[in-house]
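Here is what each chain is made of, one letter per residue.
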Amino acid sequence: MAAVICGSLAFDTIMNFEGRFAQQILADQLHILNVSFLVPGLRRDFGGCAGNIAYSLKLLGGEPLPMATVGTDGGSYLDRLRELGISTEFVRQVQDTYTAQAMIMTDLDNNQITAFHPGAMMQAHVTRIEKRADVKLGIISPDGRDAMLQHAEQFHAAGIPFVFDPGQGLPMFDGKELAAFIDKATWVTVNDYEGKMLSERTGWDSAAISRRVQGLVVTLGAEGCEVWIGGQKTHVPPVRAAEVVDPTGCGDAWRGALLHGLEQGWPLARCAELGNRVGAAKIASRGPQNWRL
């Protein structure tokens, strides 16, 4: 059975700053911020949430169906997916625009500053989700605003269970829109910062959100994650990485593991436990799509 993965395909330009942002940014001068960071290390990777989640799920033996768009320059990404054995059935190539681009800079404390150009991603809503016998579940990850709204509606109309994981796309939506996402979704996953914003905008705390879906997971970085079901919280402890090499793509690796567990019908806490383990494996390697379990 397959999982439809709605989200971005992007080229990641990843830079390493051999210092700490906190030492370069003066808190009392943010209103005239003008900084430059020397980044000796630079590489270009295949990335984007849909691509990274699909990569992780494929490593675990799943059948991902990424639903995304690439631009005129996206031919190499299509080739990459095919080389990995990942279907490009729902990947559209849009002319006269760039594939989404993420410029990610990481400091010695693994803090990150990211600039993101959406490019072709803004036309992701053109591809529709339809009910299919081989599609078991799906995920709404960060994508174009219209795509996230319409794909959630289409998952719901088709009766396909799905995870709502808005990630960095969460600030695009107001409380009413976020409440509608939750009421259509089967599961919700956020990190702790996003969880606070989600609660603030909807007026629902984690317990209340978990009563409206089959489960809510709040990831806590190095502290593991919280699994909320029916208003009750369970803490799932972290898995320590053998070494911290690169956090880029860690969240997407976690999402892919979550989908794998849900496909198997596992309890949500077990899915989150696998996510923690796979996320740790990703942190100990370099590149969002250049690691192994």
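None of these values were measured; they are calculated from a predicted model.

Visitor: Let's hear about the overall build of the protein: which residues, and what values?
Guide: A count of helices and strands for the protein gives nine helices and 13 strands. Taken over C-alpha atoms, the radius of gyration comes to 18 Å for the protein, in line with the 19 Å a tight globule of 293 residues would show. Principal-axis analysis of the C-alpha atoms gives the protein an extent of 50 × 45 × 40 Å. Across the protein, every contact between residues at least 6 apart in sequence was considered, and the portion connecting residues at least 24 apart equals 69%. Roughly 13,200 Å² of accessible area belongs to the protein as shown, and the carbon and sulfur atoms make up 51% of that amount. Put simply, the protein has 26 plus and 32 minus side-chain charges, and the middle of one group is 4 Å from the middle of the other.

Visitor: Any chance you could break down the layout of surface pockets for me, citing the residues and the numbers?
Guide: Here the second largest pocket defines a volume of roughly 180 Å³. Lining of the second largest pocket is provided by Asn16, Phe17, Glu18, Gly41, Thr106, Asp107, Leu108, Asn110, Val244, Val245, Asp246 and Pro247. Of the residues in the lining of the second largest pocket, the class split is five nonpolar, four polar and three charged.

Visitor: Could you give an account of unusual backbone geometry, naming the residues involved and the relevant values?
Guide: Look at Asp96: it is not a glycine, yet its phi comes out positive at around 60 degrees. Within the secondary structure, Asp96 sits in the loop between strand S5 (91-93) and strand S6 (100-106). Positioned with a positive phi, Asn110 is a non-glycine residue whose angle comes to about 65 degrees. Mapped onto the elements, Asn110 comes out in the loop between S6 and strand S7 (112-117).

Visitor: Can you lay out the packing of helix H4 (residues 145-158) against helix H5 (residues 175-184) for me, pointing to particular residues and giving the numbers?
Guide: What describes two packed helices is the angle between their axes and the distance between those same axes. In contact at an axis separation of 9 Å, H4 and H5 are set at 30 degrees when each is read in the N-to-C sense. H4 and H5 meet at a crossing whose hand is left-handed. The segment H4 lies against H5, with Arg145, Met148, Leu149, Ala152, Glu153 and His156 engaging Glu177, Phe181 and Lys184.

Visitor: Describe helix H6 (residues 192-202), listing the residues and the values that go with them.
Guide: Each full turn of the α-helix corresponds to 3.6 residues, which orients residues three or four apart in the same direction. Buried within H6 are the following residues: Glu194, Gly195, Met197, Leu198, Ser199 and Thr202. If you follow the buried residues of H6, they end up packed against H5, strand S10 (187-191) and helix H7 (206-212). Capping the start of H6, Asn191 holds a side-chain oxygen 3.1 Å from the backbone nitrogen of Tyr193, two or three residues further along. Of the residues flanking the end of H6, it is Gly203, one or two places downstream, whose phi is positive at about 80 degrees.

Visitor: Tell me what's going on with the packing of aromatic side chains, and back it up with residues and numbers.
Guide: One pass over the structure, following the stated rule, counts nine aromatic pairs. Ring geometry for Phe11 against Phe46: centres 6.0 Å apart, planes inclined by 50 degrees, an arrangement best described as tilted. Here Phe11 is found in strand S2 (residues 10-16), whereas its partner Phe46 is found in strand S3 (residues 41-47), with 35 residues between them in sequence. Judged by relative accessible area, which is 4%, Phe11 ranks as buried. The interplanar angle of 0 degrees and the centroid separation of 5.7 Å between the aromatic rings of Phe17 and Phe21 together place this pair among those described as stacked. With respect to class, Phe17 is no different from Phe21; both count as buried. Three or more aromatic residues joined by ring pairs make a cluster, and in this case those are Phe11, Phe46 and Tyr77. Above the plane of the ring of Trp204 lies Arg212, whose end atom (NZ or CZ) is 3.9 Å from the centre. Seen from the ring of Trp266, Arg270 lies directly overhead, with NZ or CZ sitting 3.7 Å from the centre.

Visitor: Explain the side chain of Gln101 residue by residue, including any values.
Guide: Among the secondary structure elements, Gln101 is positioned in strand S6. Looking at Gln101, its side chain comes within polar contact range of the side chain of Asp73, at 3.4 Å. Separated by 2.9 Å, the side chain of Gln101 and the backbone oxygen of Thr99 make a polar contact. Those residues in contact with Gln101, other than ones at most four positions away along the chain, are Ala10, Phe11, Arg44, Asp73, Ala115, Phe116 and His117.

Visitor: I'd like a description of the pattern of salt bridges, backed by residues and values.
Guide: This structure, assessed with the given rule, holds 13 salt bridges. Between Lys58 and Glu63 there is a salt bridge, with the nearest N and O atoms lying 3.4 Å from each other. On the basis of relative accessible area, Lys58 is assigned to the partly exposed category, the value being 23%. Given a relative accessible area of 40%, Glu63 falls into the partly exposed group.

Visitor: So what about the environment of Trp204? Which residues, and what values?
Guide: Within the secondary structure, Trp204 is located in the loop between H6 and H7. The spatial distance from the C-alpha of Trp204 to the C-alpha of Pro64 is 32 Å, given a sequence separation of 140 residues.

Parameters at a glance
In every chain, residue numbers begin from 1 and rise along the written sequence. Totals for whole chains, interfaces and linings use all residues, but because this is a predicted model, local features are given only for residues with pLDDT of at least 70 and pairs of side-chain atoms are given and counted only at 80 or more. The basis for the side-chain values is all heavy atoms of the structure; hydrogens and waters are excluded. Helix and strand definitions here come from DSSP, where helices need a minimum of 4 consecutive H or I residues and strands a minimum of 2 consecutive E residues; each element is numbered from the N-terminal end. Throughout, the radius of gyration refers to the C-alpha atoms, and the reference size of a globule is 2.2 Å times the residue count to the power 0.38. In this analysis, two residues are considered to be in contact whenever any of their non-hydrogen atoms come within 4.5 Å of each other. Each accessible area value is a Shrake-Rupley result obtained with a 1.4 Å probe; residue values ignore everything except the protein chains displayed when judging cover. Charge counting follows a simple rule: Lys and Arg are positive, Asp and Glu are negative, and His as well as the terminal groups are ignored. Positions of charges follow a simple convention, taking NZ of Lys, CZ of Arg, CG of Asp or CD of Glu. Buriedness of a pocket was judged along seven lines, with at least five required to meet protein on both sides within 12 Å; pockets are open sets of points on a 1 Å grid over the protein atoms alone, cavities are sets where a 1.4 Å probe fits but cannot get out, and lining residues have an atom within 4 Å of a point. Grid points are joined across faces, edges and corners, and a volume is the space filled by probe spheres set on the points. Put simply, Ala, Val, Leu, Ile, Met, Phe, Trp, Tyr, Cys and Pro go in the nonpolar bin, Asp, Glu, Lys and Arg in the charged bin, and everything else, Gly too, in the polar bin. Note on method: axes are straight lines fitted to C-alpha atoms, helices fitted across the in-contact stretch only, with angles between N-to-C directions ranging 0 to 180 degrees. Helix crossings fall into two classes, left-handed where the near helix is turned counterclockwise from the far one by less than a right angle and right-handed where it is turned clockwise. The cut-offs for exposure are 20% and 50% of the maximum accessible area for each residue type, with area from a 1.4 Å probe on protein chains only; residues under the lower value are buried, those over the upper are exposed, and the others partly exposed. Each polar contact in these results corresponds to two N or O atoms within 3.5 Å; when the atoms are within protein, one needs to be able to donate a hydrogen and the other to accept it, and residues that are neighboring in sequence are counted only if both atoms are side-chain atoms. Two aromatic rings, drawn from Phe, Tyr or Trp (for Trp, its six-membered ring), form a pair once their centres lie within 6.5 Å of each other, and the interplanar angle then sorts them: stacked below 30 degrees, edge-to-face above 60, tilted otherwise. Our definition puts a charge over a ring when NZ of Lys or CZ of Arg is within 6 Å of the ring centre and also within 35 degrees of the ring normal. The salt bridge definition used is simple: a Lys or Arg side-chain nitrogen within 4 Å of an Asp or Glu carboxyl oxygen.

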